[in-house]
Amino acid sequence: MFLRFEPSLAAVPRETDRILGAARLGPAAVARPDWPCQQVTAPLLFGHFPASTVQDELTEAWLSAAPTQGGVSDGIVWRRAGELLYGVLELDEADFIDAAAGMAPLQAASAEAYRRIFRLLEAQGLPHLWRIWNYLADINGESDGPGQGLERYRQFNIGRQDAFLEADRAAVGNVPAACAIGLAGGPLSIAFLAGPTPAVPVENPRQLSAYHYPAEYGPRSPTFSRAALVHPPSQEILFVSGTASIVGHRTVHPGDVAGQCREALLNIATVITEANRVARSRPFTAGELDYRVYLRDAADWPAIAEALLAATEGGRVVCVQADICRADLLIEIEAFASHALED
Ligand code: 3EB
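Read on for an overview of the structure. Fair warning: this is a prediction, and the values are worked out from it, not measured in the lab.

### Looking at the nonpolar core
In this structure, W62, L129, W133, F192 and F239 are the most contacted members of the largest nonpolar core, which totals 74 residues. Sort the elements by how many residues they give to this core and helix α1 (residues 105–124) lands first, with nine residues. Once residues within four sequence positions are removed from consideration, W62 is found in contact with L3, R4, F5, R18, I19, L20, G21, Y86, W133, I237, F239 and F336.

Right under this line is the structure:
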């Protein structure tokens, strides 16, 4: 496989130039590695820990068959292997208070982050965003000052969509798979995987496309697709975006974490079915996916664990405590799987 997922980088490969990038779940690392690594500072509730490692963190990595090269551009730490690029950008909102000029600093920071990412992708000749991981502090909070009264996730959505439109990129239809998750603190953190070919977007017939959500969820709709099929050399990867208990555009099962978990899993099953209609490789199945679960209340884990582990059919599951982008959502689940492709 050109791009291989390593669920625990406890065993660092000897050839570290094969590490395209990583995500660390758990407390912040003392030292940052040489490769782009997204720090997801969230308590780990469940994971597959190799024996003899401290079980409060997991570093997941993307390893490439080809050697990588990289750099730092506009604060983006990135590496590319052949025609795949992974990068991580962290921005401190406080640096955008002056630049914001009447808008919320988070909105200004979000627009600037995406502007920088698009600039790097153009410079590298790899214009197509495949998958984006967005993390921000206090996602359901409302700030004082500019943007006052608007939930911070909604501020983020304005900045993100502005940057897509400014760069003449579609904000509907052909948009990347993504997640947008709240952490207890820290900077705006965005990781992304990009390539030379367009992602094949996948939508969910049980849900209104997020980019068509009505204004009751914020002045600008979120810019992501429910899933994306992407194609590294001789490979097909399915990225299922963060998926929650939403039917149509409404949250269902408010206050019922078990019900929300079931509904999110049904949404994922539906997205897999839709993806399989356009997949170039064999059909994807629930049991071959890697799942990352975000749970708003850590105490809810025992209430969902059994049903979740049954529905994921032996697929790897990692669960962290984090906030979801609507105050009434208690759980969100994302997943991916990779197939070899004959060419
Ligand atoms: C939803 O379906 C839940 O704003 O990038 C899921 C995945 C969600 C991605 C994003 C938001 C995002 O609306 C929230």
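### A short note on helix α4 (residues 301–311)
At 3.6 residues per turn, the α-helix brings residues three or four places apart onto the same side. Among the residues making up α4, those that are buried are W301, I304, A305 and L308. Down the axis of α4, the buried side of the element spans an arc of 125 degrees, and every buried residue falls inside it. Those residues of α4 that are exposed and angled more than 90 degrees off the buried face are P302, E306 and A310. For α4, the elements touching its buried residues are β4 (44–46), α3 (257–278), β17 (290–295), β18 (316–321) and β19 (331–340). Just downstream of α4, E313 is the residue with a positive phi angle, here 50 degrees.

### What to know about the site of the ligand
Around the ligand, the surrounding shell holds 13 residues, and the nearest of these are Y153, R160, Y213, R226 and C325. Between the ligand and R160, the relevant distance is 2.6 Å, taken from an oxygen atom to a side-chain nitrogen or oxygen of the residue. Here the ligand, which alone exposes 360 Å², has 99% of that area covered by the protein. Secondary-structure elements contributing two or more residues to the shell around the ligand are α2 (152–166) and β10 (177–183). Top element by residues in the shell around the ligand is β10. It accounts for three residues. When grouped by side-chain class, the residues that make up the shell around the ligand number nine nonpolar, one polar and three charged.

### Brief notes about the packing of aromatic side chains
Here the structure, examined in full by the defined rule, presents 15 aromatic pairs. Aromatic side chains F239 and F336 sit 6.0 Å apart centroid to centroid with 40 degrees between the ring planes, which places their arrangement in the tilted category. Residue F239 is found in strand β14 (residues 235–243), and its partner F336 is found in strand β19; the two are separated by 97 residues along the sequence. Looking at F239, the relative accessible area reads 1%, which means it is buried. In this structure an aromatic cluster arises from ring pairing among F5, W62, Y86, W133, F239 and F336. Over the ring of Y213 we find R326, and its NZ or CZ is 5.1 Å from the ring centre. The positively charged end of R326 is found above the aromatic ring belonging to Y217, 4.0 Å away from the centroid.

### Some points on the sheet that holds strand β1 (residues 3–6)
The strand order β1-β5-β2-β3 describes an open sheet built from four strands, whose pairing is mixed. Strands at the two margins of the open sheet, each flanked by one partner only, are β1 and β3 (37–40). Each adjacent strand pair in this sheet contributes to an overall mean axis angle of 10 degrees, direction not counted. The pairing of strand β2 (residues 19–25) with strand β5 (residues 58–64) spans six bridges and is antiparallel. In the strand pairing of β5, R24 is matched with T59.

### Remarks on the environment of Y135
Mapping Y135 onto the fold places it in strand β9 (residues 128–137). For Y135, a relative accessible area of 0% gives the class buried. Considered as a pair, Y135 and G186 are 51 residues apart in the sequence and their alpha carbons are 8.9 Å apart. At a separation of 2.7 Å, a polar atom in the side chain of Y135 contacts the side chain of R292.

### Describing the packing of α1 against α2
For any two helices packed against each other, the geometry is given by the interaxial angle and the distance between the axes. Running from N to C, α1 and α2 cross one another at 35 degrees; their axes reach a closest spacing of 7 Å. Here α1 runs over α2; the crossing is right-handed. When α1 is examined against α2, the residues L106, Q107, S110, A111, Y114, R115 and F118 are found in contact with a partner set consisting of R152, Q155, F156, I158, G159, R160, D162, A163, F164 and E166. Residues of the contact of α1 with α2, tallied by class, amount to eight nonpolar, four polar and five charged.

Reading guide: rules and limits
- Residues numbered from 1 in each chain as written.
- Predicted model: local features only at pLDDT ≥ 70, side-chain atom pairs only at ≥ 80, totals over all residues.
- Heavy atoms only, no water.
- Core = buried A, V, L, I, M, F, W, Y, C linked by side-chain atoms within 4.5 Å.
- Buried < 20%, exposed > 50% of the residue type's maximum accessible area, 1.4 Å probe, protein only.
- Helix = DSSP H or I, 4+ residues; strand = E, 2+ residues; numbered from the N terminus.
- Contact = heavy atoms within 4.5 Å.
- Arc of directions from axis to C-beta.
- Near = heavy atom within 4 Å.
- Polar contact = N/O pair within 3.5 Å; in protein donor to acceptor, adjacent residues only side chain to side chain.
- Areas by Shrake-Rupley, 256 points an atom, 1.4 Å probe, with all protein chains shown as cover.
- Nonpolar A, V, L, I, M, F, W, Y, C, P; charged D, E, K, R; others polar.
- Phe/Tyr/Trp six-rings, centres within 6.5 Å; stacked < 30°, edge-to-face > 60°.
- Lys NZ or Arg CZ within 6 Å of the ring centre and 35° of its normal.
- Pairing = 2+ DSSP bridges.
- Axes fitted to C-alpha atoms, helices over the stretch in contact; angles between N-to-C directions.
- Left-handed = near helix turned anticlockwise from the far one by under 90°.

Fair warning: the whole summary comes from geometry, so function is off the table for now.
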